[in-house]
Structure formats: C-alpha cells, structure tokens
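# Structural characterization, general
Each chain, letter by letter, is given below.
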Amino acid sequence: WEADGLGDCHSIARNVTVGIGNAGPMESVLSLCRVASAQQRELSCMKDNFMEQDQRTDQCEDGLVPQLGATLCRTPFSVANEIRALHMLQEATQTALGRYSTTIEQDSDMLRSGRNACIQQEHQSNRVRPLSPLSWLRSIWRNIPLLSSQQKQNDERSSSSSSSLSAEEESQWRNAVTVRREEKKILLHYFQLASIGINFLKHSEEDKDDNSNGNDNELDLFETYKGML
C-alpha cells in the first residue's frame, strides 16, 4: 500500500501478483485500471464514494483502509470507465506476453522434448549468445589445420560434456520453463477475461432499453458482469 500512491497513478507502473481464482489481487488490478483511466470528474466521485463506504482494516493504525489506487475503486464505477479499465488491462497483459521469447505452445513442446528442444528453439530464433572465452578458444582450436584428428575428437567430447546438464540442472530447467509457461497462461487468462468483459458491456449498452430506469439497469448489468468475472 505504501508504494501505491494515488497522486501519480497515471504515470507510475504498479506490480500486483495475480493468479487464477484469487479475487483479491484481481480487484486491486482492476481498481488501479479504473483509477488510472478515470477522468477528473470520475476520480472525484470515486474518492467521495470511497469516503462514504468507511472501509475498515486491521493493517493500519487508524483502522481505516487507505485511499490508494488499489483500494479506491474495487467495484465497477460506470460502464464507460469499466470499458476503459478493461482495455488498459488488455494492453498491460498483451505487453507482458510480448516480453517472452517463446509461446505457451513452444514451452509445452520443450517440456515434452527436453533440454535439446530449448537449444533448437534458440537456433531457430537466430538468437546468438556471446561465446565465453573458453568456447572462443575452442572454436579457434578446431580450425587449426595442424591439429590432429584425435585431438579434435577429444576436444569435441569435452565440449559436449561441458554443455550437458546434470539431473539437478535438468530439473531446474524444467521448473523454470514450467513457471514461465504458467505465467503466460495467467496473463492470457486475464487478457481473454478483459475481452469478454468489454464485449459484454458494449453489447449490453447497445441493447439497453431507453425507457428503462438507467441506474437500476446499470446496477443489474454490473451484477451480471461481476458474476461473469
């Protein structure tokens, strides 16, 4: 909370750990998105609504939930603001997914095939890593014409054994790829969830009866929307 000041919510990034099926952190993420995408009038109303709720917590000395980006608007404020917030969530998850060099499918293939698949993937992606001094010397050593074939074979065997993984290293590699894949699944889940929410809210707005009570209709809409999420 201390790192989540409200005044600069439009310019400073926030990090929130989320998972599938855990509502609390996701409410924080959506609150941040609602606040960051709010217009000035909306932000003032959010603050007023927050003060009226008088939320309590045992994590602060005064017993009050602090007025911060992650706490200010943990429920939908308006249809227009919610659509903007979901678009922001989409952009954030899409940007995070774009930082990975592999896809979920490629990670799954690597786990099925083992460490060699990772090496092949790096070659296919033309990702060239700088040679270590030892590898650089070996590359020169192999190309010396006067080097005997026996020496070459010994050097190649040594190079191969130095690049192989022990059982512990193989386990660590598999764990790392698994964690990376699960991170992508969570990001993809929330990207798709935001897409569903946007489509639902947009279509509901288009189909809304002009003669119905606007406030009651929006409340019913948000109840359905929250149940869906």
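Per chain, the residues get numbers from 1 upward, laid out in the order the sequence is written. Per-residue local features are limited, in this predicted model, to residues with pLDDT of at least 70; the limit for side-chain atom pairs, both in listing and counting, is 80 or more; totals at the level of whole chains, interfaces and linings are taken over all residues. Excluding hydrogens and water, the side-chain figures rest on all heavy atoms present in the structure.

### A short note on the overall build of the protein chain
Secondary structure elements are defined from DSSP: runs of H or I of at least 4 residues count as helices, runs of E of at least 2 residues count as strands, and each element is numbered from the N terminus. Helix and strand content of the protein chain: ten helices and zero strands. When the helices and strands of the protein chain are placed in sequence order, the string is α-α-α-α-α-α-α-α-α-α. Note on classification: 1.4 Å probe, protein chains only; a residue is buried when its accessible area is under 20% of the maximum for its type, exposed when over 50%, partly exposed between these limits. Put simply, the protein chain has 229 residues, and 32% of those count as buried. Taking all contacts inside the protein chain whose residues are at least 6 apart in sequence as the whole, residues at least 24 apart take part in 71%. The contact criterion used is simple: two residues touch if any of their non-hydrogen atoms lie within 4.5 Å.

### Side note on the pattern of salt bridges
Put simply, a salt bridge is a Lys or Arg side-chain nitrogen that is within 4 Å of an Asp or Glu carboxyl oxygen. Using the criterion set out here, one finds eight salt bridges in the structure. Of the charged contacts, one joins Asp-109 and Arg-112 as a salt bridge, the two residues approaching to 2.2 Å between their closest N and O atoms. Taken as a pair, Asp-109 and Arg-112 lie in helix α5 (residues 104-113) at a separation of three residues, close to a single helical turn. Here the salt bridges do not stand alone but share partners, grouping Asp-107, Arg-180 and Lys-184 into one network.

### What to know about the confidence of the model for the protein chain
Summary of the metric used: pLDDT quantifies the predictor's per-residue confidence within the range 0 to 100. Mean pLDDT over the protein chain works out to 74, with 64% of the residues at or above the 70 mark. Confidence, read as mean pLDDT per element, is least for helix α7 (residues 133-142) in the protein chain (41) and greatest for helix α4 (residues 79-98) (94). Long-range and interchain partners of residues 1-10, a stretch whose pLDDT sits below 50, account for 28 contacts in this model, where long-range means more than four residues apart. Segment residues 126-148: pLDDT under 50, and 18 contacts once partners within four positions in sequence are set aside and those in other chains are kept.

### Some thoughts on α5
Within α5 the residues assigned to the buried category are Ile-104, Asp-107, Ser-108, Met-110 and Leu-111. Burial along α5 is one-sided: seen end-on, the buried residues are contained in an arc of 160°. Seen from the open side of α5, the exposed residues pointing more than 90 degrees away from its buried face are Glu-105, Arg-112 and Ser-113. Just past α5, the residue Gly-114 takes up positive phi, approximately 100°. Of all possible arcs, the one meant is that of the directions from the helix axis to the C-beta atoms.

### What to know about the environment of Thr-224
Structurally, Thr-224 can be placed in helix α10 (residues 214-228). The partly exposed category is assigned to Thr-224, whose relative accessible area is 45%. Residues Thr-224 and Phe-200 lie 24 residues apart in sequence; the distance between their C-alpha atoms is 9.7 Å.

### Looking at the side chain of Thr-93
Relative to the helices and strands, Thr-93 is located in helix α4. Overall, Thr-93 belongs to the buried group, its relative accessible area being 5%. Every residue in contact with Thr-93, bar those within four places of it in the chain, is listed here: Leu-187, Tyr-190 and Phe-191.

### Quick word on the nonpolar core
We define a nonpolar core as any set of buried Ala, Val, Leu, Ile, Met, Phe, Trp, Tyr and Cys residues linked to one another through side-chain atoms lying within 4.5 Å. Core analysis: the largest hydrophobic core is formed by 17 residues, its most contacted members being Met-26, Val-79, Leu-86, Leu-89 and Leu-201. Setting aside its immediate chain neighbours within four residues, Met-26 contacts Val-18, Leu-89 and Tyr-190. The next biggest cluster of nonpolar side chains, apart from the first, holds nine residues, and it includes Ala-38, Met-46, Val-65 and Cys-73.

### Digging into helix α2 (residues 40-53)
In this model, α2 (14 residues) spans 20 Å end to end at C-alpha, consistent with the 20 Å of a helix rising 1.5 Å per residue. Lining the buried residues of α2 we find α1 (23-36), α3 (69-72) and α4. Just beyond α2, the residue with positive phi is Asp-54, at close to 50°. Expected helix span is computed as 1.5 Å times (number of residues minus one).

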